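The residues making up each chain are set out below.
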Amino acid sequence: MAESDNIVVETAEKIFADLADPQTINNDKKGAWQAPLWQALSEAGLPLSWVPDDLGGSGASLADGFALLNAAGRFAVAVPLAETMLAGWLLAQAKIASPEGEMTVLPASPKDRITLDADGLLSGRTRGVPFAKTAKHFAVLARGKDGVSVALVDAAKARIEAGLNVGYDHSDTVTLDKVQPVALKAAPKGLDQTTMMLMGGVARSLQIAGALESMLDISVRYSNERVAFEKKISKFQAVQHNLARLAGESAAALAAATSAADAIASARAFDDEVYLEAASAKIRCAEAAEKGGAIAHQVHGAIGFTMEHILHRYSLRALAWRDDFGSESHWAVELGKLVANRGADELWPLVASR
Amino acid sequence: MTAALRFDPIRLPEKCEQLRKEVRAFLAEEIAAGTFDPHKPNREDTDAPEFSRRVGAKGWLGMTWPKKYGGPERSFLERYVVTEEMRVANAPTRRFFVADRQSGPVLLKYAPEHIKMEILPRICRGEICFAIGMSEPNSGSDLFAAKTRATKTDGGYLINGTKIWTSSAHIADYMIAIFRTSPPTKENRRHGLTQFLVKMKQPGIKVNPIGQITGQYEFNEVVFTDFFVPDDHVLGEVDGAWKQATSELAYERSGPERFLETYYVLTELVRAVGPNPDTRSAEGIGRLVAQLHTMRRMSVSVAGMLEAGKEPVVEASIVKDIGTVWEQQLPHRVRDLAAFVEETATNRETLERQLDFAIKTAPKLTIQGGTTEVLRGIIARGLGLR
Ligand SMILES: Cc1cc2nc3c(=O)[nH]c(=O)nc-3n(C[C@H](O)[C@H](O)[C@H](O)COP(=O)(O)OP(=O)(O)OC[C@H]3O[C@@H](n4cnc5c(N)ncnc54)[C@H](O)[C@@H]3O)c2cc1C
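My aim in this report is to walk through the structure given alongside it, one point at a time.

Quick notes on the pairing of strand S4 (residues 137-144) of chain A
All names here are of chain A.
1) Next: Most of S4 sits inside the fold, with six of its eight residues counted as buried.
2) Next: Relative to S4, strand S1 (residues 103-106) is paired through four bridges, and the arrangement is parallel. Paired with Thr104 across the bridge in S4 is Phe138.
3) Next: Examined bridge by bridge, S4 and strand S5 (residues 147-154) share eight bridges and lie antiparallel to one another. Within S5, the residue paired with Leu141 across the bridge is Val150.
4) Next: Connecting the antiparallel pair S4 and S5 is a turn made up of two residues.

Let's talk about the nonpolar core
1) Next: Counting residues in hydrophobic clusters, the biggest one holds 177 residues, and the most contacted among them are Phe16, Phe138, Leu176 and Leu335 of chain A together with Phe7 of chain B.
2) Next: Dropping the residues within four chain positions of it, Phe138 of chain A is found in contact with Thr104, Leu106, Ala132, Ala151, Leu152, Val153, Ala155, Ala158, Ile160 and Val174 of chain A.
3) Next: One finds Val98, Leu107, Tyr174 and Trp242 of chain B within the second-largest nonpolar core, a separate group that totals 29 residues.

A word on the site of the ligand
1) Next: Of all residues adjacent to the ligand, which total 15 residues, the nearest are Gln237 of chain A together with Ser135, Ser141, Trp165 and Thr371 of chain B.
2) Next: With respect to the ligand, the chains having nearby residues are chains A and B.
3) Next: Ile132 of chain B places a polar main-chain atom, nitrogen or oxygen, 2.8 Å from a nitrogen atom of the ligand.
4) Next: The contact in question runs from an oxygen atom of the ligand to an N or O atom on the side chain of Thr371 of chain B, over 2.5 Å.
5) Next: Contact with the protein chains covers 65% of the free accessible surface of the ligand, which is 970 Å².
6) Next: The element that contributes the greatest number of residues to the shell around the ligand is strand S3 (residues 156-167) of chain B, accounting for three residues.

Topic: helix H11 (residues 372-382) of chain B
Count 3.6 residues to each turn of an α-helix, and residues three or four apart come out pointing the same way.
1) Next: Looking only at H11 of chain B, the buried set comprises Thr372, Leu375, Arg376, Gly377, Ile378, Ile379 and Ala380 of chain B.
2) Next: Looking at the packing, one finds that the buried side of H11 of chain B touches helix H7 (237-266) of chain A together with helix H6 (241-253) and helix H9 (313-338) of chain B.
3) Next: Of the residues one or two after H11 of chain B, Gly384 of chain B is the one with positive phi, at around 80 degrees.

Some remarks on the packing of helix H4 (residues 62-75) of chain A against H7 of chain A
Residue and element names in this part refer to chain A.
1) Next: Where H4 meets H7, the closest approach of the two axes is 9 Å, and the angle between their N-to-C directions is 160 degrees. Here H4 lies roughly antiparallel to H7, going by the angle between them. Like other packed secondary-structure pairs, H4 and H7 cross with a definite hand, here right-handed. Residues Leu62, Ala63, Phe66 and Asn70 of H4 lie in contact with H7, whose contacting residues are Leu254, Ala261, Ile264 and Ala265.
2) Next: Per-class residue counts for the contact of H4 with H7 are seven nonpolar, one polar and no charged.

A closer look at the environment of Thr148 of chain B
Residues and elements named next belong to chain B.
1) Next: Of note, Thr148 is situated in the loop between strand S1 (130-133) and strand S2 (149-153).
2) Next: Thr148 sits in the buried class, given a relative accessible area of 2%.
3) Next: Residues Thr148 and Gly369, 221 residues apart in the sequence, show an inter-C-alpha distance of 20 Å.
4) Next: Ignoring sequence-local partners within four residues, the contact set of Thr148 consists of Glu136, Ile159, Asn160, Gly161, Thr162, Lys163, Phe179, Arg180 and Phe224.
5) Next: In this structure the side chain of Thr148 is engaged in a polar contact, spanning 3.0 Å, whose partner is the side chain of Glu136.

The rules we used
Residues numbered from 1 in each chain as written. Chains lettered and ligands numbered in written order. Predicted model: local features only at pLDDT ≥ 70, side-chain atom pairs only at ≥ 80, totals over all residues. Heavy atoms only, no water. Buried < 20%, exposed > 50% of the residue type's maximum accessible area, 1.4 Å probe, protein only. Helix = DSSP H or I, 4+ residues; strand = E, 2+ residues; numbered from the N terminus. Pairing = 2+ DSSP bridges. Core = buried A, V, L, I, M, F, W, Y, C linked by side-chain atoms within 4.5 Å. Contact = heavy atoms within 4.5 Å. Near = heavy atom within 4 Å. Polar contact = N/O pair within 3.5 Å; in protein donor to acceptor, adjacent residues only side chain to side chain. Areas by Shrake-Rupley, 256 points an atom, 1.4 Å probe, with all protein chains shown as cover. Axes fitted to C-alpha atoms, helices over the stretch in contact; angles between N-to-C directions. Parallel < 35°, antiparallel > 145°, perpendicular 65-115°, else oblique. Left-handed = near helix turned anticlockwise from the far one by under 90°. Nonpolar A, V, L, I, M, F, W, Y, C, P; charged D, E, K, R; others polar.

Structure representation (structure tokens):
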């Protein structure tokens, strides 16, 4: 796997290598690996990377946390690491301390709304919430008549309809019906649902890029092992060209995602330039997941289509992650509107702004 | 070890932004003065000598070269900004671009000192135009099949044979070309080619124009008949040009010009749909912008690698592959989206004229500078598959 000069990522990669070997996970249908993995991640303070010390977290930088998510994507881990990190980040924006244990964020879709009433109670229904079923708490972004608030909610107070996404991970519908939050504070100026969706979208982009890196790795390796027509299939030009395209998609996804992460980590506000970066990353990574996943399966032949083979751990998750925090069609429409609204002569200055 | 290629998120430094403003202001003045029309990509602009000199006077040619050869010793990132602003404005760069991008760097590396002193400052002043003589009628992708012979004679070489698809040969002052100085060996079929600096517009060279399906005349057939090249015009190693030629191609493949050639239709589409697009147009534009933005980030990253003294051959090939496929599809995607643009859009005529030209331009984009198939071969080698 990629070497890193980043202590957070090094720690995480070591834990993943020890406790999240994809083949072991794939063979273990009972999920016995989950608890030790989550415990190790928690002991290392990784799920609360984006929470400052004084709010109960480990206070890593945004940049380090993003790099950690890319590493998690390379292992396609199915524990709520990204979700807990995002929840911790959201709570920290409103200076709410993070509790221990798994968390996730609400809403997880740009079209769904949670509202705050005059009595300080939360209501609303939101679909496609990753790991809601496993979470002990929810970090909630809600709208009330006085603007945007952030709340910490006990998951036991919500109604949860369990579901699975394309990658066989929990993706649930959560309904809050006049729920009293554990903590509630006004969101800082500038934080709204769009900001949170962009933040979640970039997290998913980094995971998709990581999964594509692994798909490229295992596809190259497989092509150098599999023999057909008395040759390694890697020697066929058509196969080489498919893998070259997969390398291109993987590189594009990683470039888009790391650029957006860097933009957020170094920006003062979620301005139009950050919007371009974050929305583009989600759009481009989703496209790469589709094209790249198809190539990886093509190279693997039928074996990649079996439950026994690990390829689907990466390919299906990458495809599933397209849907969280706004699909590529959603962001394409929004980005297109933004561009059109700024006008033709402002398009290039926007693209060339960094 | 991971096979994935990393494109670090390089940000253009502050001084680049300052420079960008200067370039934009300069181009706006040129447009106002009628030098070129940014909305008309299909003009004949092969010969814009005065514009070249003005760009040279600004210090925007040979930007990364040493001061003693007339270069201002600026960074690859600054050069990058100038290139993209020129490209996006549709400026008439044809006369100086090849010299600036690749011929100059080749001379810097391989030419004898007196030739560097003579020619490089003139490139920086925008006075001279270069052509690239690699392809031959039976040697394009397979560069090493080149046959045009350079036969040793007193004080130099005699050249006989034909180069083809030579862009700008009809206006070029010089060509950097590869010729066969000895046959390939059994062990190495790349052996036996040598790179030469050729002074054009002399007896023994005949330049025949070749029309293109766009209606333009940009490339040519160049026929050499007992044409004499002196010894000190040999560039680099005799019989060893293959290494030089392949590293030269990295310059040709990594720049922003490799995904911006048909960009103007996107701007015009945005203008035509207006500030409140329907969902279909908005989505189409959003996707194209996301793809463009991603490629640009990758391309800036490659410029950063060049700045750091690296040789990003595989990375450049990836950007060129994704970039030219994109710029080839772009006019067709824009055509799809433009089908529903109001008849009354003020720029409708401009958009249609641009689409007509871009659709005719598109077929060449994945060929020039190395075809897609060849690039994917290079990437496959980078992945350890060959
Ligand atoms: C607008 C334009 C400007 C140009 N300017 C110049 C210039 O200034 N100087 C110059 O020297 N050249 C120039 N070229 C030439 C260009 O570099 C060549 O056209 C290119 O290298 C392809 O060579 P070819 O045309 O001989 O095609 P071929 O090499 O015959 O290729 C034909 C097809 O076969 C495929 N093919 C060939 N070999 C392989 C392989 N090993 N594996 C898989 N597929 C393969 C190609 O990808 C292509 O699809 C220009 C070309 C264009 C279009």
